[in-house]
Amino acid sequence: MEITKEEKNIHLYPVYKMLSWDLLFYYSINFLFLTQVKNISAADVLLAEAVYPIFKFTLLMPLTAMVTKIGKRKSLIIANLINALSILSYIVAQNFAYVIVGQFLSAIAFDIKGGAETNLLYDSLPRNEKRGQTFSKIDGKGTSWYYYADAVTTLASGFLFVINGYIPFILCFIFCIVSAIMSFKFNDIKKDNAEENVSFKKYIKDLRHSFKYMLQSNRLRYLILLGGTFWGFLTALVSLRTGILKEIGVSEEYIGVIFAVLGIISGITAKNQNRIHNLCRNKTLTYLTVPATLSCIFIGFFVMGNFKFEVTLTLILIMFLIQFIAKGPFSTLIRRYLNNFTTSSIRNKITSSYNLVESIVRAAISLLASILLRTVNSSNTILIIGCVVTIIVVLLLDAMRGKVGLKPEEYSKKEIEFLEIK
């Protein structure tokens, strides 16, 4: 029996996500590479990371329109090639300007990927009552595999960095090229009302119009705000975690080992995200977000406590563990909740709104971290950020009561009709 385009996409997706969801060989050593090999200050590295989501925010609408116009398959090919160019800019960097160029290219790549990858999978799934669960299972598998791959490459990157700081970045560049080659194997699936024939100008107008109306949905508004805030918070912590470990005296090799083990934990929780959802139900987002934000506050106090090195490291690793346990399932679950009751047309716009909030939050946190690092150390910086984000998350969760996490029949008819018709 000949395999359909949809089935081909479904079979390919987990392997593609394992290699392509995010950069491999990169995150555990990028801070060290830029500060030690390229001699860029820690504050400037955080400043560059603050500029990255600003680029994402600025470019989001035109790039979302481009994905719809040229199709998700071509978009992924372009995105992965641009990702390779961003890594190349870091490799050849001679000053801070090269890093900004790299961040600009990376913003383009991940804006495109954010609007194409999960939506391509969702378009390929049968339209029935188990669609959300099936999406969660397949996307969760790919996410889990990515975390395992990330753990292996993170472990290797720490030791490879000691040999030569450029080796992990060269390997990262190669995997971006591999991801682009894999993207050629996907097929675009046209469902619902295709928008490919809509003019670019009209699409931008419709996109802005849809953003305005999405804010009228209580369920969507709070899911987008909470999801974008928490994921922006998690992504902004990457360099700060490395800074904390360097502050207490952990060597580069062991930093790689630590994040490799934590990556495996994220892989395990990502694989079991459906069990987590079934166990926690409408408390899932609370149990994932609050402990993770509180952990940053505790990290700041642990470092300031001047305990013995072994005690401080153990306590910090426990807090990191809490963050990585939450990180694993969160990405899949929040997108599952956002995609419920939706059509292909509205999904693209919901994804764009979510990415927009995530970019704004990430920019704000990274900019705040950059400013703080010019006057205080990493532990005080993460303490202040933890306090701010915890307050925001708790307020959002309180506002969500009675509006999110309900059974389908408990939502108003207007809420469901908005998602299915718009």
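Predicted model, so just to flag it, every value in this text is computed and none were measured.

(A) Layout of the nonpolar core. Membership of the largest hydrophobic core comes to 101 residues, with the highest contact counts inside it found for Ile87, Phe233 and Leu245. When residues of this core are assigned to their parent elements, the largest contribution, 15 residues, is made by helix 9 (residues 218-248). The residues contacting Ile87, other than those within four sequence positions of it, are Leu23, Tyr26, Phe169, Cys172, Phe173 and Cys176. Ile10, Leu121, Tyr122 and Leu125 belong to the second-largest nonpolar core, a separate cluster that totals seven residues.

(B) Representation of the environment of Asn95 within the structure. Looking at the element boundaries, Asn95 is found in the loop between helix 4 (72-91) and helix 5 (96-124). Asn95 sits 61 residues away from Leu34 along the chain, and the two C-alpha atoms are 9.8 Å apart. A polar side-chain atom of Asn95 sits 3.0 Å from the main-chain amide nitrogen of Ala97.

(C) Geometry of the side chain of Thr269. Mapped onto the elements, Thr269 comes out in helix 10 (residues 252-271). The class of Thr269 is buried, set by a relative accessible area of 11%. Within polar-contact distance, the side chain of Thr269 engages the backbone oxygen of Ile325 at 3.3 Å. Contacts of Thr269, omitting those with residues within four sequence positions, involve Ile276, Phe324, Ile325, Gly328 and Pro329.

(D) Seen up close, the pattern of salt bridges. Here the structure, examined in full by the defined rule, presents five salt bridges. We note a salt bridge from Lys72 to Asp123, for which the minimum N-O separation is 3.1 Å. Here Lys72 is found in helix 4, whereas its partner Asp123 is found in helix 5, with 51 residues between them in sequence. You can call Asp123 buried: its relative accessible area is 1%. Here Lys113 and Glu117 are joined by a salt bridge, their closest N and O atoms 2.7 Å apart. Of this pair, Lys113 and Glu117 both sit in helix 5, separated by four residues, roughly a single helical turn. Assessed through its relative accessible area of 2%, Lys113 is described here as buried.

(E) Examining the packing of aromatic side chains more closely. Going through the model one piece at a time under the given rule, you end up with 20 aromatic pairs. An angle of 90° between the planes, with centres 5.8 Å apart, marks the rings of Trp21 and Tyr147 as edge-to-face. Remark: Tyr147 occurs in helix 6 (residues 131-163) and Trp21 occurs in the loop between helix 1 (5-20) and helix 2 (30-37); sequence separation between them is 126 residues. Neither residue differs from the other here; Trp21 and Tyr147 are each classed as buried. Judged by centre distance (6.0 Å) and plane angle (35°), the rings of Phe230 and Phe233 are tilted. Within this pair, Phe230 and its partner Phe233 are both found in helix 9, separated by three residues, close to a single helical turn. Since its relative accessible area comes to 0%, Phe230 is described here as buried.

(F) Representation of the packing of helix 4 against helix 7 (residues 167-183) within the structure. Contact pair helix 4 / helix 7: the axes reach a minimum separation of 8 Å and the direction vectors enclose 170°. The angle between helix 4 and helix 7 places the two elements in the roughly antiparallel class. Along its contact with helix 4, which presents Arg73, Leu76, Ile77, Asn80, Leu81, Asn83, Ala84, Ile87, Leu88, Tyr90 and Ile91, the element helix 7 presents Phe169, Ile170, Cys172, Phe173, Cys176, Ile177, Ser179, Ala180 and Ser183. For the contact of helix 4 with helix 7, the residue count by class is 15 nonpolar, four polar and one charged.

What counts and how
- Residues numbered from 1 in each chain as written.
- Predicted model: local features only at pLDDT ≥ 70, side-chain atom pairs only at ≥ 80, totals over all residues.
- Heavy atoms only, no water.
- Core = buried A, V, L, I, M, F, W, Y, C linked by side-chain atoms within 4.5 Å.
- Buried < 20%, exposed > 50% of the residue type's maximum accessible area, 1.4 Å probe, protein only.
- Helix = DSSP H or I, 4+ residues; strand = E, 2+ residues; numbered from the N terminus.
- Contact = heavy atoms within 4.5 Å.
- Polar contact = N/O pair within 3.5 Å; in protein donor to acceptor, adjacent residues only side chain to side chain.
- Salt bridge = Lys/Arg side-chain N within 4 Å of Asp/Glu carboxyl O.
- Phe/Tyr/Trp six-rings, centres within 6.5 Å; stacked < 30°, edge-to-face > 60°.
- Axes fitted to C-alpha atoms, helices over the stretch in contact; angles between N-to-C directions.
- Parallel < 35°, antiparallel > 145°, perpendicular 65-115°, else oblique.
- Nonpolar A, V, L, I, M, F, W, Y, C, P; charged D, E, K, R; others polar.

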